[in-house]
Amino acid sequence: MASSSVLSVAAQCVSRNASSLSINETHKGKAKLGGSTLRFSKSSGRISMTVAVNVSRFEGIPMAPPDPILGVSEAFRADTSDAKLNLGVGAYRTEELQPYVLNVVKKAENLMLERGDNKEYLPIEGLAAFNKATAELLLGADNPAIKEQRVATVQGLSGTGSLRLGAALIERYFPGAKVLISAPTWGVVPWSEYRYYDPRTVGLDFEGMIEDIKAAPEGTFVLLHGCAHNPTGIDPTLEQWEKIADVIQQKNHIPFFDVAYQGFASGSLDEDAASVRLFVARGMEVLVAQSYSKNLGLYAERIGAMNVISSSSESATRVKSQLKRLARPMYSNPPVHGAKIVANVVGTPALFDEWKAEMEMMAGRIKNVRQKLYDSISSKDKSGKDWSFILKQIGMFSYTGLNKNQSDNMTNKWHVYMTKDGRISLAGLSLAKCEYLADAIIDSFHNVS
Amino acid sequence: MIMMMILSRYFNSRTARRFVSTCSGHGWWDKVRVAPKDPTVKVNESFLADPFPHKINLGVGTYRDDDGKPFTPQCVGDAEAKINRYKLEETNSSEVSSKFVMESVKLAYGNDSFVVREGLYAGVPTLSGTGACRLFAEFQRNFYPDSQIHLPDPTWPNHHNIWSQAQIPVKTFHYYDPYTKGLDFDALISDVKNAPDSSFFLLHPCAHNPTGIDPTEEQWREISYQFKVKNHFPFFDMAYQGFSSGDLDKDAAALRIFVEDGHLVGLAQSFAKNMGLFGHKVGCLSVLTRDIKQAAAVKSQLEHIFHSMYSSPPIHGILLVTMILSDPTMKEQWKKEIKIMANRIRAMRTTLRRNLEDLDSSFSWEHITNQVGMFCFSGLTPDQVKYLEKQFHIYMSPDARISMAGVTPSNVNYLANAIHQVTRISEETSVCM
């Protein structure tokens, strides 16, 4: 077991009043301290305390399970092979496979530095300019819901933090309500699932999805990915979204959108918000968690928002006050830096236009890589397998259809790092590496069971 | 009735659903009531709404300079300019975090501290002090679901919310003595002794918020001893290191006494006030452990908790703090600036007290200079607080806590006069202070 450290402490024996008889008392015996003992010896007016460090209150605490996605990056870093390829975490990389800081972000930060903005606390709900810009980005500035002030927006710590705020709101006001998420989805939440991915078509199991949403008890919260589904890359068509909205309305469910890739799916910020806008246009009450991690490359700044679109402005006011009340004992108020960057970029027309162009460029690079990967695999693989799902899927990720063993083969034999569910992040793929990846996928698919 | 029939027919056709927003649809949030306003926010809002030109904001505890303006230390400005995040690879985020934690624990426990040298701590960056407290509360709940937290009475109000939200019941222990306007030490010790063994206690190691009253060194040693006897867990919330005495090491003395005595403490640190980084939400949670294996386990559990809350902490503030603490020149600069801030506040305390005494106030105002840190627990009654607001446009917390940071050479006379007026009136109407 661990060695205990013994420390010697000399305590001045100063004139003590009656309330400190304790030290004198212990001269009569030893004080027991949860496993260790306190001994006193007195010499020349000083009492020295030799004390063994207490048994820790947190003795026996086990290591927490490693985060599956972050673990991939760690393993990648440890790999010494030249051929290694990191297709694990969903962070955008350039063709040279370097992280990319958007030009508009650099410009916004320079502006902020020049202005010498102060570092005061933000209000609990976050930066007002940010909240306004964010709601407008999501719904469109002239959306009736915004005009009617039915949107409660609270700045959150990126997508995760915003989801957490939403979850806390649900927990408080709908204790015992069911939450339904797609199978698969991002994260480690142990809730009920609705069918989503069909391995036979490597596409959407639409029938299964509708059935499961219908079967859920009335008033279930249904988690939906606004666009660029993570991990599959498979999005419903607009027609399918209409049907999904139908069944959600029929069952009186409440839709909870996770919008982490607005702009990344199609390259168009508006197009990627179509699903959310469709639901809101029907007058449905909707929760939306948003993130700027990917589309503005602000991963490390933790900037996002929780939006609740409700049926009245009065209700939105009340909901916002409760979101604030939940945020205060979590972190008091959200971090300022990312919020100011977003507010500057979205709020300055020239920067906003530049952002749209950079967004198109990033989404464009990924589309090109998809095409090249598909072309490489199709030309190399003579088995007749249909690989077109690579082109049909959208956004940063592709669900390859590889199982766990095959994914392991990708890593062990080919030094291609991905998650065990067969997900690859195309954001980490360069045109130059497509041929190599094609070889790896073909080998893993055909030669490993 | 007819309206309902019409509506229900509409619900069966798809086009009609587009009009739901104009009909009274099912309101999911009808049961949601308006949340009570956070008291500090309320004070701030009232202040902002007040058009009176000589109004004074003594509510929120953010440092102000002699002109009443927000103050960003020079070292922070220098660090901002130097940060070149464009070279930062995401993979280095965890390296930066580790460096940040190392510098933070050195600051708190001492550069030569045994626990730091041997790595006997689990440390993670947090969303400032609030985040550190909440993370610890969640951790406490995970491993001691039946435990409680003992908070000093009074304490920063949000402490109550934090542990309650983490579903840990709150108990209070005696701290402030309204008669002496000082520490109720005997009652404090009594409460420590009477609490069940192995209780979790929260302590402010310096510049207690809201009272500004800190135990003496002797008193801290006694508290530490009693904690040992009872095997209590000491959790320190250190939000003002440097603001009490102006000296970072002196202000950490209580914490270091406990560590010397062998306590495996928990510590929440905040850089909001002492580095002026309020909006960046930079803090650190550390939990001391017996060995490095346990340290790794505890750290992994803390990470597991915050991963599900917000994945990772915001990097900008972490970069600033790390740069300042690891660059000797910047660190020296910072130490100087802290002294300046602490001295300014002390000067205002002296001036305020002197002014009140010069006005021949019949009350004792020595608590103004006895108390330390950003806050003065003035001892004014709720009525007097209201009166100050209405008649003099002076804003403070409902518990009569004054943020001395909001006092400046140009408003201290006005403030003294106002307090004098308000207490004199009370005296004349025989209201006891």
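As the structure is a computational prediction, the values presented were derived from the model and not from experiment. (Residues numbered from 1 in each chain as written. Chains lettered and ligands numbered in written order. Predicted model: local features only at pLDDT ≥ 70, side-chain atom pairs only at ≥ 80, totals over all residues. Heavy atoms only, no water.)

Describing the sheet that holds strand S7 (residues 200–203) of chain B
All names here are of chain B.
Next, step 1: On the basis of which strands lie adjacent, the open sheet formed by seven strands has the order S2-S10-S9-S8-S7-S3-S4 and mixed pairing. Lying at the two open borders of the sheet, with one neighbouring strand each, are strand S2 (121–127) and strand S4 (170–174). If you compare each strand with its neighbour and ignore which way they point, the axes differ by 25° on average.
Next, step 2: Bridge count between S7 and strand S8 (residues 233–238): four bridges; the pairing is parallel. (Pairing = 2+ DSSP bridges. Helix = DSSP H or I, 4+ residues; strand = E, 2+ residues; numbered from the N terminus. Axes fitted to C-alpha atoms, helices over the stretch in contact; angles between N-to-C directions.)

Describing the confidence of the model for chain B
All names here are of chain B.
Next, step 1: Counting all residues, the mean pLDDT for chain B is 89, and 91% of those residues have values of 70 or more.
Next, step 2: Here residues 1–25 is a poorly scored stretch, pLDDT under 50, and it has 19 contacts once near neighbours within four places are set aside; other chains count.
Next, step 3: In this model, residues 86–91 is a region of pLDDT below 50 whose contacts with residues beyond four sequence positions or in other chains number eleven contacts.
Next, step 4: Here the complex is predicted with pTM 0.86, and the ipTM for its interfaces comes to 0.85. (pLDDT = per-residue confidence, 0-100. Contact = heavy atoms within 4.5 Å.)

Looking at the sheet that holds strand S7 (residues 179–183) of chain A
Residue and element names in this part refer to chain A.
Next, step 1: If you walk across this open sheet you meet the seven strands as S6-S14-S13-S12-S11-S7-S8, and the pairing is mixed. One side of each edge strand has no neighbouring strand; the edge strands of this open sheet are strand S6 (151–156) and strand S8 (192–195). When strand polarity is set aside, the average angle formed by the axes of neighbouring strands in this sheet is 25°.
Next, step 2: Bridging between S6 and strand S14 (residues 304–309) involves six bridges; their strand directions are antiparallel. Bridge pairing links Val154 to Met306 in S14.
Next, step 3: With respect to the sheet, helix H4 (residues 128–139) is in contact with S6, strand S12 (254–259), strand S13 (286–291) and S14, its orientation differing from that of S6 by roughly 120°.

Considering unusual backbone geometry
Next, step 1: Along the chain, Asn230(A) connects to Pro231(A) via a cis peptide bond; the corresponding omega equals 20°.
Next, step 2: Tracing the sequence through the fold places Pro231(A) in the loop between strand S11 (221–225) and helix H8 (238–250).
Next, step 3: Across the junction of Asn209(B) and Pro210(B), the peptide omega takes the value 20°, indicating a cis bond.
Next, step 4: Residue Lys181(B) is not a glycine yet carries a positive backbone phi of 55°.
Next, step 5: The phi angle at Ala207(B) is positive, at roughly 50°, despite the residue not being glycine.
Next, step 6: By secondary structure assignment, the location of Ala207(B) is in the loop between S7 and helix H10 (217–230).

Considering the side chain of Asn307(A)
Residue and element names in this part refer to chain A.
Next, step 1: Mapping Asn307 onto the fold places it in strand S14.
Next, step 2: A relative accessible area of 0% places Asn307 in the buried class.
Next, step 3: Sequence-distant contacts of Asn307, that is, excluding residues within four places in its chain, are made with Ala135, Leu138, Val151, Ala152, Thr153, Val286, Leu287, Val288 and Gln290. (Buried < 20%, exposed > 50% of the residue type's maximum accessible area, 1.4 Å probe, protein only.)

Focus on the interface of chain A and chain B
Next, step 1: The interface of chain A with chain B comprises 96 residues on the first partner and 95 residues on the second.
Next, step 2: A buried area of about 8,500 Å², summed over both sides, lies between chain A and chain B, and 57% of it is on carbon and sulfur atoms.
Next, step 3: Between the two partners, chain A and chain B, sit three salt bridges.
Next, step 4: For the interface between chain A and chain B, the tally reads 21 residue pairs in polar contact (both at pLDDT 80 or more).
Next, step 5: With eleven residues, the single largest contributor to the side of chain A that touches chain B is helix H11 (residues 313–331) of chain A.
Next, step 6: Considering only residue class, the side of chain A that touches chain B consists of 45 nonpolar, 28 polar and 23 charged. (Buried area = accessible area lost by both parts, 1.4 Å probe. Salt bridge = Lys/Arg side-chain N within 4 Å of Asp/Glu carboxyl O. Polar contact = N/O pair within 3.5 Å; in protein donor to acceptor, adjacent residues only side chain to side chain. Nonpolar A, V, L, I, M, F, W, Y, C, P; charged D, E, K, R; others polar.)

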